[in-house]
Amino acid sequence: MRVSVFGLGYVGCVSAACLASLGHEVIGVDVNQVKVDLVNDGKAPLVEERIGELIAEVVRAGSLRATTDVREAIMDSEVSLICVGTPSEPNGSLCTTYLERVTEEIGAAVAERGGRQTVVFRSTMLPGTCLNLLVPILEKHAGGTAGVDFGVAVNPEFLREGTSVRDFFDPPKTVIGELDPASGDVVAALYDEVPGEVFRVPIPTAEAIKYADNAFHGLKIGFANELGAVCRALGVDSHQVIDVFLADRKLNISPAYLRPGFAFGGSCLPKDLRSLVHAAQRADVSVPILSHVLPSNADHLQRAVELVERTGRRRVGLFGLSFKPGTDDLRESPLVELAERLFGKGYDLRIYDPNVNLSRLLGANREYIETRLPHLAQLLAESVDEVLDHAEVCLVGTRDPAVLSALPHGDGTVIVDLIHLPDAEARRAEPGYVGLAW
Ligand code: NAD
């Protein structure tokens, strides 16, 4: 199929490259010229396992190219996937500005071209957004009726940054919210070769399923971290507790997101919880459990700050800055928040994150760092040793092998383990080891 993908961020880039590798002819569209140029050069505008090789391969084969020109993309495709961002507004509600703008542009281009286009929304959006907000915009600008003159579907994305290419080819599920069966058929054909169960549901159901996923993931992490904190205070090994808890086959609970570790963050869980709670409040629905997931997460982050304070040392090294290992994504990273708190308290801080450094070198996250995090940019080190030479206390929030193999043992440096390191059991016996997630 000939596919246009709007938004070459984490979701759009992975979708575009993976669809191209399945044999579709893909054109990616972004307003950001740097991302478009990187893709056309066969380079990934993000750091993620396998994405660099995949983009190089499909661009070389001629099955993926990128442009900033919406009209060109619509002329050259029969199905469009919308993957633009839906961040939080300052009051916690969902920002639909990018979705509205891209929908207008696509509508206008569809009107000009004629013929049936299927417009598929992959961005996360609250139930009702597609039918009540976006379909009317499309109908106005395309000059036709949705489900008759053009197709509309919602196809939420369930990738996890760090393993997103793997997740694309082996997804936990494929959800297709369809306006009409013909629209759903187009989306199903796109993923013909992808394994796993396909759920064809009404559009608002598809929108809500994504929130069920992300709210539950946040809830599980919060549960595990609170359990970890209580166990730690009572001198109990929370990982042993969780291991046995999960071994109960009758409970049949997935271990995903249930390991006591660091606070969660990123561009999805916090903002999706925020907008879900905001929507519940507007609808006058009391949601005390969902309302307390983010405060619980904030408390966990504060525990990490207190662990550092208790060491009484001032020269701090932080390993890891992105919101989790395996990605360069800094949006709402709890490690950024931790760094900012320590920096604000006057700690002498150095930070090392190889994925963030690589992304900065490529230019992918350079603008984000320079505009949003200039205060941390000056603290970024080029090597593990630069941080080790500086630090009296090392905070470890990454599983990068180069960091793990270089971490000292019992040389007087305090190791604050934020994520339960692979060798946490052995390290526990060493003086100077402090685990946030025991
Ligand atoms: P992102 O910010 O990384 O990428 C969005 C891209 O859209 C940016 O490159 C931006 O320049 C581009 N864009 C904005 N307006 C545009 C326009 N008018 N035309 C073309 N491009 C435009 O966002 P993301 O992390 O890929 O997330 C996209 C959506 O997918 C969000 O709704 C998010 O909630 C959802 N989602 C994200 C993930 C994830 O792990 N990142 C997982 C599942 C779902």
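Nothing here was measured: the structure is a model prediction, and the numbers come from that model.

K.L.:
Tell me about the overall build of the protein chain, residues and numbers included.
P.N.:
Within the protein chain one finds 20 helices and 13 strands. For 438 residues, the compact-globule formula gives about 22 Å, and the C-alpha radius of gyration of the protein chain, at 23 Å, lands near that figure. By principal-axis analysis of the C-alpha atoms, the protein chain measures approximately 70 × 45 × 40 Å. Within the span of the protein chain, comprising 438 residues, buried residues form 44% of the whole. Restricting the contact set of the protein chain to residue pairs at least 6 apart, pairs at least 24 apart contribute 68%.

K.L.:
So what about the environment of Val39? Which residues, and what values?
P.N.:
Looking at the secondary structure, you find Val39 in helix H2 (residues 33-40). Classification of Val39 as buried rests on a count of 25 C-beta atoms within 10 Å. Separated by 35 residues in sequence, Val39 and Ser4 have C-alpha atoms that sit 14 Å apart. Once residues within four sequence positions are removed from consideration, Val39 is found in contact with Leu8, Gly28, Pro45, Ile55, Val59 and Ala66.

K.L.:
I'd like a description of the UniProt feature "binding site: NAD(+)" (unreviewed entry) in the protein chain, backed by residues and values.
P.N.:
In the numbering adopted here, UniProt assigns the feature "binding site: NAD(+)" (unreviewed entry) to Tyr10, Val11, Asp30, Lys35, Thr86, Thr124, Lys271 and Arg331. Judged by maximum C-alpha separation, these annotated positions cover 322 residues in sequence and are scattered in space, the widest gap reaching 23.8 Å. With respect to the secondary-structure elements, Asp30 resides in the loop between strand S2 (25-29) and H2. Residue class for Asp30 comes out buried when judged on the 24 C-beta atoms lying within 10 Å of it. In this structure Asp30 touches Gly7, Leu8, Lys35, Val36, Ala66 and Thr68, once residues within four positions along its chain are discounted. Inspection of the secondary structure puts Thr86 in the loop between strand S4 (79-82) and helix H5 (97-113).

K.L.:
So, the sheet that holds strand S11 (residues 393-396): which residues are in play, and what are the values?
P.N.:
Here we have five strands laid out as an open sheet, ordered S10-S9-S11-S12-S13, and parallel in their pairing. Strands at the two margins of the open sheet, each flanked by one partner only, are strand S10 (348-352) and strand S13 (433-435). Each neighbouring strand pair of the sheet contributes to a mean axis angle of 20°, computed without reference to strand direction. Sheet topology places S11 next to strand S12 (residues 414-417); four bridges connect them, and they run parallel. Across the sheet, residue Val396 finds its bridge partner in S12, namely Asp417. Sitting on the sheet, helix H14 (residues 334-344) is in contact with strand S9 (315-319) and S10, with an inclination near 160° to S10.

K.L.:
Got a sec to walk through the site of the ligand? Specific residues and values, please.
P.N.:
Taken together, 26 residues lie around the ligand, and Gly7, Gly9, Val11, Ser123 and Thr124 are the ones closest in. Where the shell around the ligand is concerned, the elements lending two or more residues are helix H1 (10-21) and H5.

K.L.:
Outline the domain arrangement of the protein chain, supporting the account with residue identities and numerical values.
P.N.:
Many structure descriptions define interface size as the accessible area lost when the parts assemble. Splitting the protein chain by domain gives domain 1 (1-202) and domain 2 (294-433). Between the C-alpha centres of domain 1 and domain 2 there is a distance of 34 Å. Tallying the contact residues gives twelve residues for domain 1 and twelve residues for domain 2. Each residue belonging to the side of domain 1 that touches domain 2 can be placed in one class, and the counts come to six nonpolar, two polar and four charged.

K.L.:
Explain the confidence of the model for the protein chain to me, using residue names and the numbers behind them.
P.N.:
As a note on interpretation, predicted positions should not be read in detail where pLDDT is low. Residues with a pLDDT of 70 or more make up 100% of the protein chain, whose mean pLDDT is 96. Note on the complex model: pTM 0.96, ipTM 0.99.

K.L.:
Lay out the nonpolar core in plain terms, naming residues and giving numbers.
P.N.:
With 67 residues, the main nonpolar core has Cys13, Val14, Ala16, Ala17, Ile82 and Val152 as its most contacted residues. Looking at this core element by element, the count peaks at nine residues for H1. In contact with Cys13, other than residues within four places in its own chain, are Leu8, Ala44, Pro45, Leu46 and Ile51. Among the nonpolar cores identified, the runner-up in size contains 51 residues, and Leu276, Val293, Ala339 and Ile351 belong to it.

K.L.:
Explain helix H3 (residues 51-60) to me, and be specific about the residues and the numbers.
P.N.:
Of the residues making up H3, those classed as buried are Ile51, Leu54, Ile55 and Val58. Looking straight down H3, one finds its buried side chains confined to an arc of 95°; they lie on one side. At its buried positions, H3 is contacted by H1, H2, strand S3 (64-67) and helix H7 (164-169). Immediately beyond the C-terminal end of H3, within one or two residues, lies Gly62, with a positive phi of roughly 80°.

K.L.:
Can you break down the packing of helix H9 (residues 203-233) against helix H11 (residues 269-282) residue by residue, with the values?
P.N.:
Running from amino to carboxyl end, H9 crosses H11 at an angle of 110°, the nearest separation of the two axes being 9 Å. The pairing of H9 with H11 is recorded here as roughly perpendicular in orientation. In the crossing of H9 with H11, the sense of the turn from one axis to the other is left-handed. Side by side, H9 and H11 meet where Tyr211, Asn214, Ala215, His217 and Gly218 of the first sit next to Leu269, Asp272, Leu273 and Leu276 of the second. Grouping the amino acids of the contact of H9 with H11 by side-chain chemistry returns five nonpolar, three polar and one charged.

K.L.:
I'd like a rundown of the packing of helix H13 (residues 293-311) against H14, residues and numbers included.
P.N.:
Where H13 meets H14, the closest approach of the two axes is 10 Å, and the angle between their N-to-C directions is 45°. One finds that H13 runs oblique with respect to H14. Relative to H14, H13 is oriented so that their crossing is right-handed. In this structure, H13 contributes Leu301, Ala304, Val305 and Val308 to the contact, and H14 contributes Pro334, Glu337, Leu338, Arg341 and Leu342. Tallied by class, the residues present in the contact of H13 with H14 amount to seven nonpolar, no polar and two charged.

K.L.:
Give me the lowdown on the pairing of S10, citing residues and values where you can.
P.N.:
With five bridges connecting them, S9 and S10 associate as parallel partners. Bridge pairing links Leu318 to Ile351 in S10. Considered for its hand, the β-α-β crossover made up of S9, H14 and S10 is right-handed.

Parameters and conventions
- Residues numbered from 1 in each chain as written.
- Predicted model: local features only at pLDDT ≥ 70, side-chain atom pairs only at ≥ 80, totals over all residues.
- Helix = DSSP H or I, 4+ residues; strand = E, 2+ residues; numbered from the N terminus.
- Rg over C-alpha atoms; globule rule 2.2 N^0.38 Å.
- Buried ≥ 20, exposed ≤ 12 C-beta atoms within 10 Å, placed from the backbone.
- Contact = placed C-beta atoms within 7 Å.
- UniProt positions renumbered as here; feature names shortened; annotations may be inferred.
- Pairing = 2+ DSSP bridges.
- Axes fitted to C-alpha atoms, helices over the stretch in contact; angles between N-to-C directions.
- Near = placed C-beta within 6 Å.
- Domains from an automatic or database assignment.
- Nonpolar A, V, L, I, M, F, W, Y, C, P; charged D, E, K, R; others polar.
- pLDDT = per-residue confidence, 0-100.
- Core = buried A, V, L, I, M, F, W, Y, C linked by C-beta atoms within 7 Å.
- Arc of directions from axis to C-beta.
- Parallel < 35°, antiparallel > 145°, perpendicular 65-115°, else oblique.
- Left-handed = near helix turned anticlockwise from the far one by under 90°.
- Right-handed = clockwise from strand over helix to strand, strands pointing away.

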